[in-house]
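Chain by chain, the residues run as shown.
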Protein chains: 2
Amino acid sequence: MKRIMLTVSYDGTAYCGWQWQPGVPTVESVLNRELSQLLREEIQVKGASRTDSGVHALGNLCVFDTETRIPPGKICFALNQSLPADIVVQDSCEVPLHFHPRKCGSKKTYEYTIWNSRFPNPVNRRYASWIHAPLDEKRMQEAAACLVGEHDFKSFCSPRTEAETTVRRILEISVRREGCLVILRVQGTGFLYNMVRIIAGTLIQVGRGALPPERVAEILAGCDRALAGPTAPPEGLCLREIALDEDPWETLKNKAISGENPA
Amino acid sequence: MKRIMLTVSYDGTAYCGWQWQPGVPTVESVLNRELSQLLREEIQVKGASRTDSGVHALGNLCVFDTETRIPPGKICFALNQSLPADIVVQDSCEVPLHFHPRKCGSKKTYEYTIWNSRFPNPVNRRYASWIHAPLDEKRMQEAAACLVGEHDFKSFCSPRTEAETTVRRILEISVRREGCLVILRVQGTGFLYNMVRIIAGTLIQVGRGALPPERVAEILAGCDRALAGPTAPPEGLCLREIALDEDPWETLKNKAISGENPA
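Computed from a prediction, not measured in an experiment: that's the story for all the values here.

Colleague: Honestly, the interface of chain A and chain B in this entry has me stumped. Any pointers?
Modeller: Many analyses report the size of an interface as the accessible area lost when the parts associate. Every contact between the two is made by 26 residues of chain A and, on the other side, 26 residues of chain B. In total, about 2,100 Å² of surface goes out of reach between chain A and chain B, with carbon and sulfur atoms giving 60% of it. For chain A, the biggest contributors to the area lost against chain B are Phe119, Pro122 and Val123 of chain A; these three give 29% of the whole. At the junction of chain A and chain B, the tally comes to 6 salt bridges. Between Arg126 of chain B and Asp11 of chain A there is a salt bridge, with its nearest N and O atoms 3.7 Å apart. For the side of chain A that touches chain B, the secondary-structure elements that each account for two or more residues are strand 1 (2–10), strand 3 (56–66), helix 2 (75–82) and strand 4 (87–95) of chain A. The element best represented in the side of chain A that touches chain B is strand 4 of chain A, accounting for 5 residues. Looking at the side of chain A that touches chain B, its residues break down into 14 nonpolar, 6 polar and 6 charged.

What follows is the structure, given as structure tokens:
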């Protein structure tokens, strides 16, 4: 038995998010189906990030266990042969059997892309949200700065969350403009349900002048979802990368040295 | 009677190019159909650039004549209501009746975008060509430099061209890398059939080491399509902008002053 980790990219347009749900297309169900067919075993992947319906990813991670004799690094080549064009596995490698991508330290990077112009752009309409009101990206950046650090992000979390705590740590946040594109980039150790999209929706209100930049710190302190802006639409959001804090094999080695139970 | 100019953006994926052809979807036929319906007249647009099947545009131009009383600047808003999501008119304005976007001086900017990585990227698969062999963008830039200026581009033109001359002027050409993206940007006063895609196909061969950079000058001098590389696929190509050398109303005024016939 081996545990394999996949780096998965997908165009989320056609999917009801990552997570398996009965009767609807999800990224997880496609991976389970195609892996089971390829490896002739019943495969169930465990994902690092359960992205929402319509959200994209360049580097989500997942693991699964298999008895296959296909070399770990070759699984991505074999699997991409049968996956639809909107899901591509970028890498495959073996990880220790105890390793779980949701139970290890990592830095996740999301980008929320806005096409800020009078009319939509047909060439990026699936991968950017269109906001026609002019946005002041410097105001947005100013407003975003207060979110860096460890905070209770209850105001920026869907009330439907099942998380035990709404405290999370944002490591970096930036808003930049490239022509008509305004790009919000957020790095953190973990995110709540809808968190990046609610941050984006709130910063859009700041950018268009509907909220003063200093209001965002008050919204954060208020710990009330009703204070923040709307949840920005999913097509602008992309999970760019999940960088593990430590190589899973190093973690295993260090735990063995310290006598810790790896599981 | 008024002549209206439209700035047209489109995702070319679903279209057999710009130009009207019987029985197949083209950008021109959609515009003719929707404009005729909106303005209740038989409308036939004249385009500046007849982009190929599958090629995209952010700023193609076209003109048409109309008796409508809709203010010229409002036509884009009305038209976008009925256009499909993959065609968006970015601007509409009145131009002099004699003005034709193919018979005036302009600077056209094309970008050819390559996703240069081991596997395709599902999030840009419709708007970038995937090349898995590593590309050296500095070699490509070095090779491209000889194309700047006025030259006979017969080697970089489909033999199916109907152009009277294959001499064209390239004003600027650059190849840059942004992570896994390699972007070829070409500005010129006019382009031959398939010219940017054959330049891209040839520079890709240079970038992957199949041709030495200095070979491109020899290919140019040879004036033979068989010498150049393959025509790169259409999805990577986007007509970014057509900048008119002069405001059409200024041209009219200057011609009136000099006593020239404006037509």
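Colleague: Any chance you could explain the environment of Lys107 of chain A here in plain terms?
Modeller: All names here are of chain A. Examined against the element boundaries, Lys107 turns out to sit in strand 5 (residues 106–116). For the pair Lys107 and Leu244, spaced 137 residues apart in sequence, the C-alpha to C-alpha distance is 6.4 Å. Those residues in contact with Lys107, other than ones at most four positions away along the chain, are Leu171, Gln187, Gly188, Glu241, Ile242, Ala243 and Asp245.

Colleague: Just checking my understanding: could you explain the relation of the copies chain A and chain B for this structure?
Modeller: Both copies of the chain are related through a single rotation about an axis accompanied by a shift along the same axis. Expressed as a screw transformation, the operator carrying chain A onto chain B has a rotation angle of 180° and an axial translation of 0.0 Å, and the superposed copies differ by an RMSD of 0.0 Å. Here the transformation between the copies is reduced to the relation of a two-fold axis. If distances are taken from each C-alpha of chain A to the rotation axis, the shortest is found for Asn124 of chain A, at 4.4 Å. When you check the interface residues of chain A against chain B, 100% turn up at the interface there too, and the contact is symmetric in its surfaces.

Colleague: Just to check I follow, could you spell out the packing of aromatic side chains for this structure?
Modeller: By convention here, two paired aromatic rings are described through the distance between centres and the angle between planes. Here the structure, examined in full by the defined rule, presents 9 aromatic pairs over all chains. Residues Tyr110 of chain B and Phe191 of chain B carry aromatic rings whose centres are separated by 5.1 Å and whose planes lie at 80° to one another, so their mutual orientation is edge-to-face. With Tyr110 of chain B in strand 5 (residues 106–116) and Phe191 of chain B in the loop between strand 9 (181–188) and helix 4 (195–207), this residue pair connects regions lying 81 residues apart in the sequence. Judged by relative accessible area, Phe191 of chain B falls into the buried class, the value being 15%. In this arrangement the basic side chain of Lys74 of chain A is found over the ring face of Phe77 of chain A, its NZ or CZ atom lying 5.9 Å from the centre.

Colleague: Just to check I follow, could you spell out the side chain of Glu28 of chain A for this structure?
Modeller: All names here are of chain A. When you line up the elements, Glu28 lands in helix 1 (residues 27–39). At 6.9 Å, Arg102 is the nearest oppositely charged side chain to Glu28, a buried residue that forms no salt bridge. Ignoring sequence-local partners within four residues, the contact set of Glu28 consists of Trp18, Gln19, Trp20 and Val45.

Colleague: Help me understand the side chain of Asn121 of chain B in this model?
Modeller: In this structure, Asn121 of chain B sits in the loop between strand 5 and strand 6 (129–131). When residues no more than four places from it in sequence are discounted, the contact partners of Asn121 of chain B are Leu58 and Gln90 of chain A together with Trp115 of chain B.

Colleague: Looking at this structure, how should I read helix 4 (residues 195–207) of chain A?
Modeller: For an α-helix, the turn length of 3.6 residues means that residues three or four places apart are oriented alike. Residue and element names in this part refer to chain A. With 13 residues, helix 4 should cover 18 Å at 1.5 Å per step; its first-to-last C-alpha distance of 18 Å lies within 8% of that length. With 12 of 13 residues buried, helix 4 lies mostly within the body of the structure. In the stretch just after helix 4, Gly209 is the one whose phi turns positive, near 95°.

Rules of the game
Residues numbered from 1 in each chain as written. Chains lettered and ligands numbered in written order. Predicted model: local features only at pLDDT ≥ 70, side-chain atom pairs only at ≥ 80, totals over all residues. Heavy atoms only, no water. Contact = heavy atoms within 4.5 Å. Buried area = accessible area lost by both parts, 1.4 Å probe. Salt bridge = Lys/Arg side-chain N within 4 Å of Asp/Glu carboxyl O. Helix = DSSP H or I, 4+ residues; strand = E, 2+ residues; numbered from the N terminus. Nonpolar A, V, L, I, M, F, W, Y, C, P; charged D, E, K, R; others polar. Least-squares fit on C-alpha atoms with pLDDT ≥ 70 in both. Phe/Tyr/Trp six-rings, centres within 6.5 Å; stacked < 30°, edge-to-face > 60°. Buried < 20%, exposed > 50% of the residue type's maximum accessible area, 1.4 Å probe, protein only. Lys NZ or Arg CZ within 6 Å of the ring centre and 35° of its normal. Lys, Arg positive; Asp, Glu negative; His and termini not counted. Expected span 1.5 Å × (residues − 1).

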